[in-house]
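Residue strings, one per chain:
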Amino acid sequence: MKRTDYCGRMDRQRLAQTVTVCGWVHRRRDHGGVIFIDLRDREGLVQIVCDPDRAEIFAIAEKLRHEFVIGVTGLVRPRPEGTVNPDLASGEIEILAHEIEILNTAQTPPFQLDDENLSETVRLQHRVIDLRRPQMQKNLHLRYRAAMAARRYLDARGFIDIETPVLYKSTPEGAREFLVPSRIHHGLFYALPQSPQLFKQMLMMAGFDRYYQIVKCFRDEDSRADRQPEFTQIDIETSFLSEVEIRDIMEGLVRQMFKEALQVELPDPFPIMKYADAMRDYGIDKPDLRVALKLTELTDLMQSTEFKLFRSAAELPNGRVAALRVPGAGGGERALTRKEIDDYTAFVKIYGAGGLAYIKVNDAAKRNEEGLQSPIVKFLSAEILDAIIERTGAQTGDLIFFAADREKVVNDSLGALRGKVGHDRGFAEEGWKPLWIVDFPMFEYDDERKAWVARHHPFTSPKDGHEALMKTDPGHAIAKAYDVVLNGWEIGGGSVRNHKPEMQAQLFEALEIGPEEQQQKFGFLLEALKYGAPPHGGIAFGFDRLVALMAGVEQIRDVIAFPKTQRAQDLLVEAPAPVTEQQLRDLHIKIR
């Protein structure tokens, strides 16, 4: 039995032809003596009709159960009037079975493939069955189309696909690494790469000019909805291009992937926003521009208030007081209830906020306790209340939320609240809102280590004119770094690198990485830099996250064939798993 084509590709073009299709029995229905079979393969469904006039075929059809694997040869004919299914590519036709062969039987599956209320544990334990579900088939087909679109785009622009090692060495790149003990070299370890960052830079030094790789990366960190211990990047590096030129090519890549994989035209060009502006207006460096709400800066205003809670935050060296106006949430049909305000207060506490002050604007013309309803109004002067209403643009019926704390806490809490309120209360548009975030800080201060650390990674170039600031004023040094954001998700990030040894040495000095540590961890890169490294820079896209956005799913596990759980376990193959004592002895390892 030789297959003619896939089930889901059968359409009117095949009318009156005899065809052969193979697949799984998705559904079997007995209608008044005629048996209908929905046969499923990776391309979709086709309806098979088994007529009782063909006794031998009908007898086989009566034996069929869910997930039996069968081959069917038959005549393609139009469906009777009134039975067309517009949701299927094959919805206008059916196949009258002339021959059925049972290629394999199947036990009753652990769940029905159209069950929408499955626990993730059940799905991952039986991932092979879960992957048969049409939505999962659709997601992985989408992933394939997106990957092929990326490859075609990059290939057409001279990028070369080059593989880099998976057995690497431990380097300080931000997250905890997976270690692999060496059997041959006792007591020594490989590390699985968090990214091919240093290898792709060395490929530029080796003269390959434009590199890309769709590559697995590894981080031994706590999982969440958009994070896995092993994940996939579209990793890219270029030579002799400026930051703007790199961004232009990469923007075209994202646009092409959406066009080919989703038939969606993204805006051209993407808007560009500075990091400082994003943090001021949105509290987050990956703002969801579908939500029109913005934060209002009040720090300078509150340095003169008698209200101690606000003033003490405003006077902190790294303090901030900010507001979020929610139109219509203070009165009328769209007003927030006390419980809803309490729920939002609990929500911001996740981000370290001690609470959530608010003012209901009952009458914007009355800048006092009569027009403004809140426990905090009596602590604020008329001048400050006037300024709050003016700056926020609040109208009668609005509600204003406030946060006052260290800048990071205010940004994290109000930034997250802005997104949540925006989607909860109908302030989010439909569609796709990409943007570039540029001019990131070179460094951020690590309170635990009491030291400055690289914001991106320790190979990023400072913005022209900011070289001296790396040592004299690291908090104000700006990097040639950039992120591409889509609907509130960071989908890619990169930078221009240091290609001169002396500039890399200055950066290591600013990070207090001494000569001995430099040689131990990065000696191979520093050696390569001595021999004529070209100006270079690149980017890495989170491919799983990008496809999850395209597919409209909440978590990247739904676009990965065999993912791990939140606890980094593979429930299908039961990994991680114990090993034998002999294996441990070979590696000179003892379990404590």
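Report follows, based on the coordinates. Nothing here was measured: the structure is a model prediction, and the numbers come from that model.

## A look at the packing of helix 10 (residues 338-349) against helix 12 (residues 407-424)
Turning to step 1, where the next piece is worked out: Where helix 10 contacts helix 12, the two axes come as close as 9 Å, and the packing angle between them is 140 degrees. By the angle class used here, helix 10 and helix 12 are oblique. Judged by the twist between their axes, the crossing of helix 10 over helix 12 is right-handed. Along the contact surface, helix 10 presents Tyr344, Phe347 and Val348, while helix 12 presents Ser413, Ala416, Leu417, Lys420, Val421 and Asp424.
Turning to step 2, where the next piece is worked out: Here the contact of helix 10 with helix 12 is built from residues that sort into six nonpolar, one polar and two charged.

## Description of the packing of aromatic side chains
Turning to step 1, where the next piece is worked out: Summed over the entire model, instances satisfying the criterion amount to 12 aromatic pairs.
Turning to step 2, where the next piece is worked out: Summarising the aromatic geometry, the rings of Phe258 and Trp432 are spaced 5.0 Å apart at their centres and angled 70 degrees between planes, so their arrangement reads as edge-to-face. One end of the pair, Phe258, is in helix 6 (residues 243-262); the other, Trp432, is in the loop between helix 12 and strand 17 (434-438), and 174 residues separate them in sequence.
Turning to step 3, where the next piece is worked out: A ring pair is formed by Phe459 and Phe522, whose centres lie 5.2 Å apart and whose planes are at 85 degrees; its orientation type is edge-to-face. One end of the pair, Phe459, is in the loop between strand 19 (451-454) and helix 13 (469-472); the other, Phe522, is in helix 15 (residues 515-529), with 63 residues separating them in the sequence.
Turning to step 4, where the next piece is worked out: Grouped by ring-pair contacts, the aromatic residues Phe307, Phe310, Phe379 and Phe402 constitute a single cluster.
Turning to step 5, where the next piece is worked out: The residue whose ring lies beneath Arg247 is Trp436, and the NZ or CZ to ring-centre distance is 5.9 Å.

## Quick word on helix 10
Turning to step 1, where the next piece is worked out: Taking 1.5 Å per residue, 12 residues should reach 16 Å; helix 10 reaches 17 Å between its end C-alpha atoms and fits that length.
Turning to step 2, where the next piece is worked out: Of the residues making up helix 10, those classed as buried are Ile341, Tyr344, Thr345, Phe347 and Val348. Relative to the axis of helix 10, the buried residues are bounded by an arc of 160 degrees and lie together on one face.
Turning to step 3, where the next piece is worked out: Of the surrounding elements, those touching the buried residues of helix 10 are strand 14 (357-361), strand 16 (399-406) and helix 12.

## Remarks on the nonpolar core
Turning to step 1, where the next piece is worked out: Counting residues in each nonpolar core, the largest one holds 44 residues, and the members touching the most others are Ile236, Met250, Leu253, Met257 and Phe541.
Turning to step 2, where the next piece is worked out: The set of elements that each furnish at least two residues to this core consists of helix 4 (134-156), strand 10 (230-239), helix 6, strand 17, strand 20 (481-486), strand 21 (489-496), strand 22 (536-542) and helix 16 (543-551).
Turning to step 3, where the next piece is worked out: When residues in this core are grouped by element, the largest group, eight residues, is from helix 6.
Turning to step 4, where the next piece is worked out: Apart from the residues lying within four places of it in its own chain, the contact partners of Ile236 are Leu154, Phe159, Lys200, Tyr211, Tyr212, Met250, Leu253, Arg497, Gly538, Ile539 and Phe541.
Turning to step 5, where the next piece is worked out: Membership of the second largest hydrophobic core comes to 32 residues, among which are Leu435, Phe459, Ala477 and Met503.

## Side note on unusual backbone geometry
Turning to step 1, where the next piece is worked out: Backbone torsion omega between Asp268 and Pro269 reads 0 degrees, so that peptide bond is classified as cis.
Turning to step 2, where the next piece is worked out: Structurally, Pro269 is set in the loop between helix 6 and strand 11 (272-274).
Turning to step 3, where the next piece is worked out: That bond from Ala575 to Pro576 is cis: its omega, 0 degrees, falls within 30 degrees of zero.
Turning to step 4, where the next piece is worked out: Its location among the elements puts Pro576 in the loop between helix 16 and helix 17 (581-586).
Turning to step 5, where the next piece is worked out: You will see that Glu67, though not glycine, has its phi angle at about 75 degrees, which is positive.
Turning to step 6, where the next piece is worked out: Turning to its location among the elements, Glu67 is positioned in the loop between helix 1 (55-63) and strand 4 (69-78).
Turning to step 7, where the next piece is worked out: Relative accessible area serves as the criterion here: at 3%, Glu67 is assigned to the buried category.
Turning to step 8, where the next piece is worked out: In the Ramachandran plot, Gln263 falls in the positive-phi region, its phi being about 55 degrees despite a non-glycine side chain.
Turning to step 9, where the next piece is worked out: Within the fold, Gln263 resides in the loop between helix 6 and strand 11.

## Remarks on helix 5 (residues 197-205)
One full turn of an α-helix is made of 3.6 residues, so residues set three or four places apart face in the same direction.
Turning to step 1, where the next piece is worked out: Of all nine residues that make up helix 5, eight are buried, and the element is covered over most of its length.
Turning to step 2, where the next piece is worked out: In the stretch just after helix 5, Gly207 is the one whose phi turns positive, near 95 degrees.

## Side note on the pattern of salt bridges
Any two side chains of opposite charge can pair if their charged atoms end up close together.
Turning to step 1, where the next piece is worked out: By the definition in use, this model includes 51 salt bridges.
Turning to step 2, where the next piece is worked out: For Arg9, the salt bridge is made with Glu43, and the minimal N-O distance between the two is 3.9 Å. Of this pair, Arg9 sits in the segment before strand 1 (18-31) while Glu43 sits in the loop between strand 2 (34-41) and strand 3 (44-50), and the two are 34 residues apart along the sequence.
Turning to step 3, where the next piece is worked out: With relative accessibility at 42%, the residue Arg9 sits in the partly exposed group.
Turning to step 4, where the next piece is worked out: Residue classification places Glu43 among the partly exposed positions, given a relative accessible area of 28%.
Turning to step 5, where the next piece is worked out: One salt bridge connects Glu297 with Arg320, and the closest N-O pair in it is separated by 2.9 Å. Linking Glu297 in strand 12 (residues 295-297) with Arg320 in strand 13 (residues 319-326), this pair joins segments that are 23 residues apart in sequence.
Turning to step 6, where the next piece is worked out: Classification of Arg320 as buried rests on a relative accessible area of 3%.
Turning to step 7, where the next piece is worked out: Salt bridges linked by common partners bring Asp5, Arg9, Arg14, Arg42 and Glu43 together as one network.

## A closer look at the state of the cysteines
Turning to step 1, where the next piece is worked out: Under the defined criterion, the tally for this structure stands at zero disulfides.
Turning to step 2, where the next piece is worked out: Its sulfur unpaired, Cys50 is 13 Å from the next cysteine sulfur, which belongs to Cys7.
Turning to step 3, where the next piece is worked out: You can call Cys50 buried: its relative accessible area is 0%.

## Brief notes about the side chain of Thr299
Turning to step 1, where the next piece is worked out: With respect to the helices and strands, the residue Thr299 is situated in helix 8 (residues 299-302).
Turning to step 2, where the next piece is worked out: On the basis of relative accessibility, which here comes to 11%, the residue Thr299 falls in the buried class.
Turning to step 3, where the next piece is worked out: Within the structure, Thr299 has its side chain in polar contact with the side chain of Glu297 (distance 2.3 Å).
Turning to step 4, where the next piece is worked out: Setting aside residues up to four positions removed in sequence, Thr299 forms contacts with Ala314, Gly319, Arg320 and Val321.

## Examining the side chain of Asp544
Turning to step 1, where the next piece is worked out: Within the secondary structure layout, Asp544 lies in helix 16.
Turning to step 2, where the next piece is worked out: Looking at Asp544, its side chain comes within polar contact range of the side chain of Arg143, at 2.9 Å.
Turning to step 3, where the next piece is worked out: Residues in contact with Asp544, not counting those within four places in the same chain, are Arg143, Phe231, Thr232, Ile556, Val559 and Ile560.

## Looking at the packing of helix 14 (residues 501-510) against helix 15
Each pair of packed helices can be summarised by the angle the axes make with each other and by the distance between the axes.
Turning to step 1, where the next piece is worked out: Where helix 14 meets helix 15, the closest approach of the two axes is 11 Å, and the angle between their N-to-C directions is 160 degrees. Taken together, the axes of helix 14 and helix 15 lie roughly antiparallel to each other. Seen along the crossing, helix 14 lies across helix 15 with a hand that is right-handed. Taking contact as the criterion, the partners of Pro501, Gln504 and Phe508 in helix 14 are, on helix 15, Gln518, Phe522, Leu526 and Leu529.

What counts and what doesn't
For every chain, the first residue of the written sequence is number 1, and numbering continues from 1 along that sequence. Per-residue local features are limited, in this predicted model, to residues with pLDDT of at least 70; the limit for side-chain atom pairs, both in listing and counting, is 80 or more; totals at the level of whole chains, interfaces and linings are taken over all residues. To get the side-chain values, take all heavy atoms of the structure and skip hydrogens and water. Here an axis means a line fitted to C-alpha atoms, over the contact stretch when the element is a helix, while the angle between two N-to-C directions is reported on a 0 to 180 degree scale. Each helix is a run of DSSP H or I of at least 4 residues and each strand a run of E of at least 2, with the numbering of both proceeding from the N terminus. Oblique is the label for any angle not under 35 degrees, not over 145, and not in the 65 to 115 range, which are roughly parallel, roughly antiparallel and roughly perpendicular in turn. What makes a crossing left-handed is the near helix being turned counterclockwise from the far one by less than a right angle; a clockwise turn instead makes it right-handed. When checking whether two residues touch, look at their non-hydrogen atoms; a contact exists if any pair is within 4.5 Å. Three classes are used: nonpolar for Ala, Val, Leu, Ile, Met, Phe, Trp, Tyr, Cys and Pro, charged for Asp, Glu, Lys and Arg, and polar for all others, with Gly counted as polar. Under the pairing criterion, centres of Phe, Tyr and Trp rings, with the six-membered ring standing for Trp, must be within 6.5 Å; the plane angle then separates stacked pairs below 30 degrees from edge-to-face pairs above 60, leaving the rest tilted. Consider the ring centre and the ring normal. A charge sits over the ring if Lys NZ or Arg CZ is within 6 Å of that centre and within 35 degrees of that normal. An expected span of 1.5 Å times one less than the residue number is assigned to each helix. Exposure classes here rest on a 1.4 Å probe applied to the protein chains alone. A residue is buried below 20% of its type maximum, exposed above 50%, and partly exposed in between. In this description, one arc is meant: the one made by directions from the helix axis to the C-beta atoms. For this analysis, a nonpolar core means a set of buried residues of the types Ala, Val, Leu, Ile, Met, Phe, Trp, Tyr and Cys, connected via side-chain atoms within 4.5 Å. Whenever Lys or Arg places a side-chain nitrogen within 4 Å of a carboxyl oxygen from Asp or Glu, that contact is recorded as a salt bridge. We call a pair of cysteine sulfur atoms a disulfide when they lie within 2.5 Å. Polar contacts, as used here, are pairs of N or O atoms within 3.5 Å; protein pairs need one atom able to donate a hydrogen and one able to accept it. Residues neighboring in sequence count only if both atoms are side-chain atoms.

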